[in-house]
Number of protein chains: 2
Amino acid sequence: MSEILEEKKFIEVPHKGLFFIPLGGVGEIGMNFCLYSCDGKWLAVDCGVGFAGENLPGIEMLLPDPAFATTILPNLEGLVITHAHEDHLGAVGYLWRDLHCPIYSTPFVSEMLVSKLDEVGLLGRASVEVVNEGDALDLGPFEIELVPVNHSVPEATALFIKTKYGNIFHTGDWRFDKAPVIGKTANLQSLKNEKILALVGDSTNVFVEDALSTETDVKNSFVELLKGYKDKKIVVTCFASNVGRIESIAYAAEQVGRKVCLMGKSLWRVEGAGRASGYFKDFPVFLTDDEAKFMNQAEVLYICTGCQGEYKAALNSVSYDVGNVHLGAGDVVVFSSRVIPGNEQAIANIQNRFIERNIEVITTKEALVHVSGHAGKQDMKKLYELLKPQMVIPVHGEIMHLNEHAKLAHECGIKQVLIIKDGDVVHLDIDDFNVIGEVPTGILAVDGKKIVSISSEIIKKRRRLIEDGSVVATVVLNSDNNILGNIQFSAVGLIETESEEYTVLNDFVKSEIDNLSSEEKLDNSKITDVVKSAVRKIIIQNHGRKPLVDVHLVRV
Amino acid sequence: MSEILEEKKFIEVPHKGLFFIPLGGVGEIGMNFCLYSCDGKWLAVDCGVGFAGENLPGIEMLLPDPAFATTILPNLEGLVITHAHEDHLGAVGYLWRDLHCPIYSTPFVSEMLVSKLDEVGLLGRASVEVVNEGDALDLGPFEIELVPVNHSVPEATALFIKTKYGNIFHTGDWRFDKAPVIGKTANLQSLKNEKILALVGDSTNVFVEDALSTETDVKNSFVELLKGYKDKKIVVTCFASNVGRIESIAYAAEQVGRKVCLMGKSLWRVEGAGRASGYFKDFPVFLTDDEAKFMNQAEVLYICTGCQGEYKAALNSVSYDVGNVHLGAGDVVVFSSRVIPGNEQAIANIQNRFIERNIEVITTKEALVHVSGHAGKQDMKKLYELLKPQMVIPVHGEIMHLNEHAKLAHECGIKQVLIIKDGDVVHLDIDDFNVIGEVPTGILAVDGKKIVSISSEIIKKRRRLIEDGSVVATVVLNSDNNILGNIQFSAVGLIETESEEYTVLNDFVKSEIDNLSSEEKLDNSKITDVVKSAVRKIIIQNHGRKPLVDVHLVRV
């Protein structure tokens, strides 16, 4: 499918007025990264990663391209991180060198950030300023309040941004939880009397109709559930950053006389950041599995990483019965998580391995063991009733989510709603609420230690390697243009090492070179072409694939 | 994760007694292929493909390994195909040369099979015998009746197999549809008085609680739905083999004054097989898109392949606005299909492309536009009440499905239920209903024109190519063991063609060879090792990847 490449014309963002420009996260889930501009001064909000699909072989993580952001330096006043999820802060370590601005976030987010910056050698270079929930933060023309909201990670905040042109409410990831386990129910009453010019809002759960259960409901449900497995081994898996969930599970464990053991690197990272910011204080130090393995297993509860079926996570090892935790018939594994689209089969494979050994698997289908951190339709309606924004921009979603969110906003009586895409420059002006043009945007891929464009030659060739394979042929010619010895071939992942096919290739390529005239044999590119087409001919015939062919020609 | 490889001991299947041996489809969805043995004579049922996941790069299709089946020739009396779905007949073209037995199926299935055999040059060699629904078929000790059941393809049959040891009911893929569009409601009353020793049953929809709607409900729902898009362009996508669905849509199209246009190769293949077996007879010849494009678009309805988001299918082209069908704001695309797990994101991507252009997308969430062809819990209970089998073997599912099916069978009062896996030899004997041992089984991959083991070196190396890349280096040494010229490198998909990294590699590899003693330089394997480790060192340093390295050493 050839994409029609338009010659895009980019604009310069006016030096007067208030503008919103998403560089990631609008039209896709992940890579949240956006800019606000007010009279030529800039504010960045969030800087997250995305996850690559099958079409980008060898790539796990994606980043929003910061190219445009680099053009606004040194007018970038700061980067505010709304909460500690990878899709909101995961790209900071990769892109901070391009932004070079101070970072602001709540204590828990800062702890998480510092641990990440440490890993990439940026600790002490990138400044991370702690801002408490509810505190004000003045960054040039932006007067910002970090407003606590409920979400599946501690200290998630919405941003209430005051400017001379009007006030913005940037929701971040949020919901109303009437009985959270960590923090209080999001209370936006103080904003009721503020005039909100524009609301930039999370669309993730816009297809969810009903009001969600509370985290306290989940906690209580866990207490009841665990009672049913008195003498059994219990393993629970959840998203590592969900500190409230870990507390819910730890509370339930305590109620049934079990100590919590954490398994998996990211859980321990969160534990560290959590304790440093005052969480888990009602719970004793968690056990490692090396400690827990010697205990009575009816007095332990294991919490594992790997709820999305990740190959390298703790739960996968448990499913293969490798490591310190050995489950048997009648034991139970609880998936205290949702299924992120795309991970269905990986998760099912792990569940099947448990079921095969008669280990019970409990998911949200069987019990209230998870609740989403995103606002569904009911919460969104409540928000619109309360804040009555003049204009709405749906973000944080694929186009289908943005579209549905726009419908909902209209239903709530919002007259001005804009569906936009990454790179759009939106004028936040009640009389001219519009996309006035575009700035450059794109997606980068983390390729091992390198950062490359997702349309780079490297990735394209890697796709060809899978579909068609590659062959490297080394041909040695003497001064009389005769072939010396056998042609050496490498056809990794295409022909087995000990295959007779190499003889066939050798004979055919040799005969094709021999057929050339003496003059043609002097022409390196002619010989290369002949070798390439000879190799392709054999491979197409035998494999039905048209490989990439490289020729190493040696003349001696 | 290292699998523990057990030394498996295989048994010889006894020459007395009745046995069931699945070679595929038990413990996985797809690759249905099983054997029945009665006093040393054999019957094969179905021979289907599976679809490969991300962990098998370059592979689309999987086949059950027929190795064991080849050991029972010439006692294999025949292969009966229950219905025309790929996971039941798709492997015949690949494996028939190994089985070399007559094939039996209903007229529509035979038409589909013949068209596939034609493609692989087996037409006229493999004999396909037509058996009408309800007819009896005697194959050695097996007296077989093809019993019509309802499914999402015409002429699906269960097999009622009489033997001297007792009767088997092999459900195939089935459901009870009270108002099908093609065929009649499955009527198993005639079997009510038969004694059923063993039921081998479809587990696909065992997690579905409710009784399903009928295909006629879907048809009527389509009529109502289409009325809402009077002057709009309408595109519907569905599974190509679902002839009943195509008739439902064609009927609804007719009701609102539209002619049907088919788009996509597999739809036309089914159309051909369908008309040849008497379907579509109430409908005029379908249009091609070349014909339809000149018509008033309000008088056309397009049916496209690609409901699973397939890259090469018709709907994907439509979503890119490439080809003859150009949709615009207010037009509609109906997904008359379910989402096969694993295809969620591919389907969402296509839907997003439509929604982006304000084209409406209708799925099963919005309207009754699809119904499954598999029995849910209600239908399964009805079946057990009617047939009262003495023993039950759940098949056609992952372990979680087999397990749930076993629970359901127990709830229905079946005392003897066995959960088995591919390769298990089950003795079908009321007093000894048990797995008596195992025969060899496995999975093969269609790799272009080759058929390879899924654990072949080729596929393992292909995974390494993606994760770590590969480098081929050609080193030329003269008779004094000095390096001639520059070292030539190929690092496809790892280093860009015009990268300066090749200079770095060249310099480092050369210096590493130069550091060798004169004696070491005479040792080819020493030089090869030095080159490999030098290349790896640079690539690990620059890319964080540990590539496969091949060295072409040339001595002149």
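Residues numbered from 1 in each chain as written. Chains lettered and ligands numbered in written order. Predicted model: local features only at pLDDT ≥ 70, side-chain atom pairs only at ≥ 80, totals over all residues. Heavy atoms only, no water.

Caption draft 1: Here's a closer look at the overall build of chain A. The secondary structure content of chain A amounts to 16 helices and 29 strands. Considering only C-alpha atoms, chain A reaches an extent of 90 × 70 × 45 Å along its principal axes. Residue burial in chain A is summarised as follows: out of 556 residues, 56% are buried. Across chain A, the fraction of contacts at a sequence separation of at least 24, relative to all contacts at a separation of at least 6, is 70%. Just so you have it, chain A exposes about 22,900 Å², and 48% of that area is on carbon and sulfur atoms. Computing the positive centroid from 55 side-chain charges and the negative centroid from 77, chain A places the two 1 Å apart. (Helix = DSSP H or I, 4+ residues; strand = E, 2+ residues; numbered from the N terminus. Buried < 20%, exposed > 50% of the residue type's maximum accessible area, 1.4 Å probe, protein only. Contact = heavy atoms within 4.5 Å. Areas by Shrake-Rupley, 256 points an atom, 1.4 Å probe, with all protein chains shown as cover. Lys, Arg positive; Asp, Glu negative; His and termini not counted. Charge placed at Lys NZ, Arg CZ, Asp CG, Glu CD.)

Caption draft 2: Here's a closer look at the relation of the copies chain B and chain A. Rotating chain B by 180° and translating it 0.0 Å along the rotation axis places it on chain A, where the RMSD comes to 0.1 Å. A rotation of that kind, with that shift, is consistent with a two-fold axis. Among all C-alpha atoms of chain B, that of B:G342 lies closest to the rotation axis, at 3.0 Å. Comparing contact sets, 100% of the residues at the interface of chain B also lie at the interface in chain A, consistent with an isologous, same-surface contact. (Least-squares fit on C-alpha atoms with pLDDT ≥ 70 in both.)

Caption draft 3: Quick peek at the side chain of A:D177. Residues and elements named next belong to chain A. With respect to the helices and strands, D177 occurs in the loop between β13 (166-170) and β14 (196-202). Its relative accessible area of 5% is what places D177 among the buried residues. A polar atom in the side chain of D177 sits 3.1 Å from the backbone nitrogen of E215. Apart from residues no more than four positions distant in its own chain, D177 is found in contact with N150, T185, T214 and E215. (Polar contact = N/O pair within 3.5 Å; in protein donor to acceptor, adjacent residues only side chain to side chain.)

Caption draft 4: Here's a closer look at the interface of chain B and chain A. Counting residues at the interface gives 60 residues for chain B, matched by 60 residues for chain A. Buried area between chain B and chain A, both sides added, is near 5,400 Å², and the carbon and sulfur share of it is 57%. Linking chain B with chain A are 4 salt bridges, by the criterion used here. Between B:K450 and A:E501 there is a salt bridge, with the nearest N and O atoms lying 3.8 Å from each other. Where chain B touches chain A, the interface holds 30 residue pairs in polar contact (both at pLDDT 80 or more). Taken together, the elements giving at least two residues each to the side of chain B that touches chain A come down to α9 (314-319), α10 (344-356), α12 (399-411), α13 (457-468), β27 (470-477), β28 (488-490), α16 (524-543) and β29 (548-555) of chain B. Its residues assigned to classes, the side of chain B that touches chain A comprises 26 nonpolar, 20 polar and 14 charged. (Buried area = accessible area lost by both parts, 1.4 Å probe. Salt bridge = Lys/Arg side-chain N within 4 Å of Asp/Glu carboxyl O. Nonpolar A, V, L, I, M, F, W, Y, C, P; charged D, E, K, R; others polar.)

Caption draft 5: Up close: the environment of B:L89. Residues and elements named next belong to chain B. Note that L89 resides in helix α2 (residues 86-89). The exposure class of L89 is buried, given its relative accessible area of 1%. The spacing of L89 and C47 is 42 residues in sequence and 4.9 Å in space, taken between C-alpha atoms. For L89, the residues in contact, after removing those within four places along its chain, are C47, G48, I81, H83, A84, V109, L113 and K116.

Caption draft 6: View of the sheet that holds strand β6 (residues 61-64) of chain B. Residue and element names in this part refer to chain B. Taken in spatial order, the 4 strands make up an open sheet running β5-β6-β25-β26, and their pairing is antiparallel. The open sheet has two free edges, formed respectively by β5 (50-51) and β26 (450-453), since each of these has just one partner strand. The pairing of β6 with strand β25 (residues 443-447) spans 4 bridges and is antiparallel. Paired with P64 across the bridge in β25 is I443. (Pairing = 2+ DSSP bridges.)

Caption draft 7: Highlighting the packing of helix α4 (residues 107-119) of chain B against helix α7 (residues 265-276) of chain B. Residues and elements named next belong to chain B. Running from N to C, α4 and α7 cross one another at 130°; their axes reach a closest spacing of 8 Å. Judged by the inter-axis angle, α4 sits oblique to α7. α4 and α7 meet at a crossing whose hand is right-handed. Mapping the contact onto sequence places F108, E111, M112, S115, K116 and E119 in α4 and K265, R269, V270, A273, G274 and A276 in α7. (Axes fitted to C-alpha atoms, helices over the stretch in contact; angles between N-to-C directions. Parallel < 35°, antiparallel > 145°, perpendicular 65-115°, else oblique. Left-handed = near helix turned anticlockwise from the far one by under 90°.)

Caption draft 8: Up close: helix α11 (residues 377-387) of chain B. All names here are of chain B. For α11, the complete set of buried residues consists of K377, D379, M380, L383, Y384, L386 and L387. Those residues of α11 that are buried are in contact with β13 (166-170), β14 (198-202), β20 (391-395) and α12. After α11 finishes, the residue K388 shows a positive phi value of roughly 40°.

Caption draft 9: Region of interest: the sheet that holds strand β7 (residues 76-80) of chain B. Residues and elements named next belong to chain B. Within the open sheet, the 8 strands sit side by side as β9-β8-β7-β4-β3-β1-β23-β24. Their pairing is mixed. Two strands lie at the open edges of the sheet, namely β9 (128-130) and β24 (434-438), each paired on one side alone. Taking each pair of neighbouring strands and ignoring which way they run, the sheet shows an average axis angle of 25°. Across 3 bridges, strand β4 (residues 41-45) lies against β7 in parallel orientation. Residue pairing across strands places A44 opposite L79, the latter belonging to β7. Docked against the sheet, helix α3 (residues 92-99) engages β3 (33-38), β7 and β8 (103-105), running at close to 170° with respect to β7. Against the sheet, α4 contacts β8 and β9, and its axis sits at roughly 160° relative to β9.

Caption draft 10: Spotlight on a negative patch on the surface. A surface patch of negative charge is lined by B:E519, B:E520, B:D523 and B:D529. Here B:E519 lies in helix α15 (residues 518-521). (Patch = residues over 30% accessible without salt bridge, like charges linked within 9 Å, V, L, I, M, F, W, Y side chains within 5 Å.)

Caption draft 11: Local environment of the packing of aromatic side chains. Under the counting rule described, the total for this entry stands at 10 aromatic pairs over all chains. When the centroid spacing of 5.7 Å and the interplanar angle of 70° are considered together, the rings of A:W42 and A:F68 count as edge-to-face. You can see A:W42 sitting in strand β4 (residues 41-45) and its partner A:F68 sitting in helix α1 (residues 67-70), a full 26 residues away along the chain. Classification of A:F68 as buried rests on a relative accessible area of 9%. Relative to A:Y279, the ring of A:F108 lies with its centre 6.0 Å away and its plane at 90°, an arrangement referred to as edge-to-face. On the criterion of sequence distance, the pair formed by A:F108 in helix α4 (residues 107-119) and A:Y279 in the loop between α7 (265-276) and α8 (289-292) is long-range, its members being 171 residues apart. For A:Y279, a relative accessible area of 14% puts it in the buried group. Between the NZ or CZ atom of A:K382 and the centre of the ring of A:F176, over which it lies, the distance is 4.6 Å. Positioned over the ring face of A:F207 is B:K365, at 6.0 Å from the centre of the ring. (Phe/Tyr/Trp six-rings, centres within 6.5 Å; stacked < 30°, edge-to-face > 60°. Lys NZ or Arg CZ within 6 Å of the ring centre and 35° of its normal.)

Caption draft 12: The pairing of strand β6 (residues 61-64) of chain A, seen in detail. Where strand β5 (residues 50-51) of chain A and β6(A) come together, 2 bridges link them in antiparallel fashion. Looking at the pairing, A:F51 lines up with A:M61 of β6(A).

Caption draft 13: Looking closely at the packing of helix α14 (residues 501-514) of chain A against helix α16 (residues 524-543) of chain A. Residue and element names in this part refer to chain A. Contact geometry for α14 and α16: axes closest at 9 Å, N-to-C directions at 140°. Taken as a pair, α14 and α16 cross one another with a handedness that is right-handed. Residues E501, V504, L505, F508, V509, E512 and I513 of α14 touch α16, and the partners they reach there are I527, V530, V531, A534, V535, K537, I538, I539, N542 and H543. Within the contact of α14 with α16, the residues separate by chemical class into 12 nonpolar, 2 polar and 3 charged.

Caption draft 14: Spotlight on unusual backbone geometry. With an omega of 0°, the peptide bond running from A:L73 to A:P74 counts as cis. Tracing the backbone shows A:P74 in the loop between α1 and β7 (76-80). With a phi angle near 55°, B:H396 is a residue other than glycine that sits in the positive phi range. Counting through the fold element by element, B:H396 comes out in the loop between β20 and β21 (397-398). Of note in this structure, B:N481 is not a glycine but carries a positive phi near 65°. Exposure remark for B:N481: the relative accessible area of 9% places this residue in the buried category.

Caption draft 15: Representation of the environment of A:Q308 in the model. Residue and element names in this part refer to chain A. Looking at where Q308 falls in the secondary structure, it is placed in the loop between β17 (300-304) and α9 (314-319). Judged by its relative accessible area of 6%, Q308 is buried. The sequence separation of Q308 and I350 amounts to 42 residues, and the corresponding C-alpha distance is 9.5 Å. Among residues more than four places away in sequence, those in contact with Q308 are F239, S337, R338, V339, I340, N343, A346 and I347. Looking at Q308, its side chain comes within polar contact range of the main-chain nitrogen of I340, at 2.9 Å.

Caption draft 16: Spatial organisation of the layout of surface pockets. Residues and elements named next belong to chain B. Approximately 590 Å³ is the volume found for the second largest pocket. Lining the second largest pocket are 38 residues; nearest its centre among them are N150, E155, I182, G183 and K184. For the lining of the second largest pocket, the secondary-structure elements that each account for two or more residues are β11 (142-148) and α6 (243-255). Looking at the lining of the second largest pocket residue by residue, the classes come out as 13 nonpolar, 14 polar and 11 charged. (1 Å grid on protein atoms, 1.4 Å probe; cavity = no way out; pocket = protein on both sides within 12 Å on 5 of 7 lines; lining within 4 Å. Points joined across faces, edges and corners; volume = space filled by probe spheres on them.)

These figures capture arrangement, not role.
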